[in-house]
Amino acid sequence: MIQLLIPFFGVLLLLMTLGTHAWQIRPTRSERKPKARKHLTRGGLMAVAAGAVMYFVLVRLFFIFDGVLGIAWIVALLLLGFIAFRVVQLWPSKEDNAQLVASLQSDGVKVRSRQGVGTVMTAVVLLVVAVLCWFAPVLF
């Protein structure tokens, strides 16, 4: 019974985390609240992209989806493509980023200069571990 639940948990984890990251940078018609605009800075966009890649790699390392659940990988890749497209589309110039950070700070939102660096470093380490796990057994 538990062997059937584990892949469903993995699918839920994969789609909910990627869905959350995609929701943060979705197109909107109205003005966002100051805390929601924090993801539109360079550091925020970098953290969203790296977080999405990190969760995808983590689920890929720990879960195997066979049969019908393999559709989750297709949906996840589509979500990753959407996130990458929106990050490239929303990436601000240096001046726009400085203006956005100043606007957020005037609204009382704390914006760190190194926002998202930890997430990016974690994603890079996970990618290296994933590549080693996938290709090291073939090499030896």
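Calculation notes
- Residues numbered from 1 in each chain as written.
- Predicted model: local features only at pLDDT ≥ 70, side-chain atom pairs only at ≥ 80, totals over all residues.
- Heavy atoms only, no water.
- Helix = DSSP H or I, 4+ residues; strand = E, 2+ residues; numbered from the N terminus.
- Buried < 20%, exposed > 50% of the residue type's maximum accessible area, 1.4 Å probe, protein only.
- Contact = heavy atoms within 4.5 Å.
- Areas by Shrake-Rupley, 256 points an atom, 1.4 Å probe, with all protein chains shown as cover.
- Lys, Arg positive; Asp, Glu negative; His and termini not counted.
- Charge placed at Lys NZ, Arg CZ, Asp CG, Glu CD.
- Axes fitted to C-alpha atoms, helices over the stretch in contact; angles between N-to-C directions.
- Parallel < 35°, antiparallel > 145°, perpendicular 65-115°, else oblique.
- Left-handed = near helix turned anticlockwise from the far one by under 90°.
- Nonpolar A, V, L, I, M, F, W, Y, C, P; charged D, E, K, R; others polar.
- Expected span 1.5 Å × (residues − 1).
- Arc of directions from axis to C-beta.
- Core = buried A, V, L, I, M, F, W, Y, C linked by side-chain atoms within 4.5 Å.

(A) Region of interest: the overall build of the chain. Helix and strand counts for the chain come out as six helices and zero strands. Going residue by residue from the N terminus, the α and β elements of the chain occur as α-α-α-α-α-α. In terms of principal-axis extent, the alpha carbons of the chain reach across some 50 × 35 × 25 Å. Sorting the 140 residues of the chain into buried and exposed places 35% on the buried side. Taking contacts inside the chain between residues at least 6 apart in sequence as the whole, the part at least 24 apart equals 83%. About 9,400 Å² of surface is accessible on the chain, with carbon and sulfur atoms providing 70% of the total. Distance from the positive charge centre (14 side chains) to the negative charge centre (5 side chains) of the chain: 5 Å.

(B) Geometry of the packing of helix H1 (residues 2-24) against helix H4 (residues 71-90). In the contact formed by H1 and H4, the axes pass within 10 Å of each other and the chain directions differ by 15°. For the element pair H1 / H4, the angle class is roughly parallel. Here the hand of the crossing between H1 and H4 comes out left-handed. Contact residues: Val 11, Leu 14, Leu 15, Leu 18, Gly 19, His 21 and Ala 22 in H1; Ala 72, Trp 73, Val 75, Ala 76, Leu 79, Leu 80, Phe 82 and Ile 83 in H4. Grouping the constituent residues of the contact of H1 with H4 by class yields 13 nonpolar, two polar and no charged.

(C) Region of interest: the environment of Ile 25. Along the chain, the position of Ile 25 falls in the loop between H1 and helix H2 (34-37). Once the C-alpha coordinates of Ile 25 and Ala 52 are considered, the two residues, 27 residues apart in sequence, prove to be 12 Å apart.

(D) Quick look at H4. Taking 1.5 Å of rise per residue, 20 residues should cover 28 Å, and H4 covers 29 Å from first to last C-alpha, within 8% of that figure. Buried within H4 we find Ala 72, Trp 73, Ala 76, Leu 79, Leu 80, Ile 83, Arg 86 and Val 87. Here the buried residues of H4 occupy an arc of 150° about the axis, which is enough to place them on one side. Turned more than 90 degrees away from the buried face of H4 sit Ile 74, Leu 77, Leu 78, Phe 85 and Val 88, all of them exposed. Packing partners of the buried residues in H4 comprise H1 and helix H3 (42-62).

(E) Fine view of the nonpolar core. Grouped together as the largest cluster of nonpolar side chains are 20 residues, with contacts concentrated most on Leu 14, Leu 18, Phe 56, Phe 65 and Ile 83. If you list the elements that add at least two residues to this core, you get H1, H3 and H4. It is H4 that contributes the most residues to this core, seven residues altogether. Excluding its chain neighbours within four sequence positions, the residues that come into contact with Leu 14 are Phe 56, Val 59, Phe 65, Ala 72, Trp 73 and Ala 76.

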